[in-house]
Amino acid sequence: MQPFADAATQTCPYCGEEVEVDVDSLGASSEAYVEDCPVCCRPWEVKVTRDEDGAAVTLGRDDD
């Protein structure tokens, strides 16, 4: 794990498995990128928002 990285536990929007997504607590106030589920290999759209309280992560389907 990278320094300053946190693991956010989320549910895959495809297979429903609980997964951990590593996010840096430092960075832009918001960002979005695509990452594959480590369980079912389907692509998520990962959205990260950061504020003074830390980083918040949401996962969405990449095919919506």
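With an unreviewed UniProt entry as reference, the chain is termed CPXCG motif-containing cysteine-rich protein, source organism Corallococcus sicarius.

S.K.: Just checking my understanding: could you explain the overall build of the chain for this structure?
M.R.: A tally of regular secondary structure across the chain gives zero helices and five strands. Each helix and strand of the chain, ordered N terminal to C terminal, gives the series β-β-β-β-β. The C-alpha atoms of the chain give a radius of gyration of 12 Å, which matches the 11 Å a tight globule of 64 residues would have. By principal-axis analysis of the C-alpha atoms, the chain measures approximately 30 × 25 × 15 Å. When each of the 64 residues of the chain is scored for burial, the buried share is 22%. Across the chain, contacts joining residues at least 24 apart in sequence account for 27% of those joining residues at least 6 apart. Of the charged side chains in the chain, 4 are positive and 16 negative, and the gap between their average positions amounts to 8 Å.

S.K.: Would you take a moment to explain the environment of D36 for this structure?
M.R.: When you line up the elements, D36 lands in strand β3 (residues 30-36). Distance from D36 to V46, taken between C-alpha atoms, is 9.6 Å for residues 10 residues apart in sequence. Non-local contacts of D36, meaning those with residues more than four positions away in its chain, are made with C41, R42, P43 and W44.

S.K.: How should the environment of V57 be read in this particular structure?
M.R.: Its place among the elements puts V57 in strand β5 (residues 54-61). Take V57: its relative accessible area is 9%, and that puts it in the buried class. Considering only alpha carbons, one finds V57 and K47, 10 residues apart in sequence, at a separation of 5.7 Å. Apart from residues no more than four positions distant in its own chain, V57 is found in contact with A8, Q10, V21, V23, V46, K47 and V48.

Quick notes on the rules
Residues numbered from 1 in each chain as written. Predicted model: local features only at pLDDT ≥ 70, side-chain atom pairs only at ≥ 80, totals over all residues. Heavy atoms only, no water. Helix = DSSP H or I, 4+ residues; strand = E, 2+ residues; numbered from the N terminus. Rg over C-alpha atoms; globule rule 2.2 N^0.38 Å. Buried < 20%, exposed > 50% of the residue type's maximum accessible area, 1.4 Å probe, protein only. Contact = heavy atoms within 4.5 Å. Lys, Arg positive; Asp, Glu negative; His and termini not counted. Charge placed at Lys NZ, Arg CZ, Asp CG, Glu CD.

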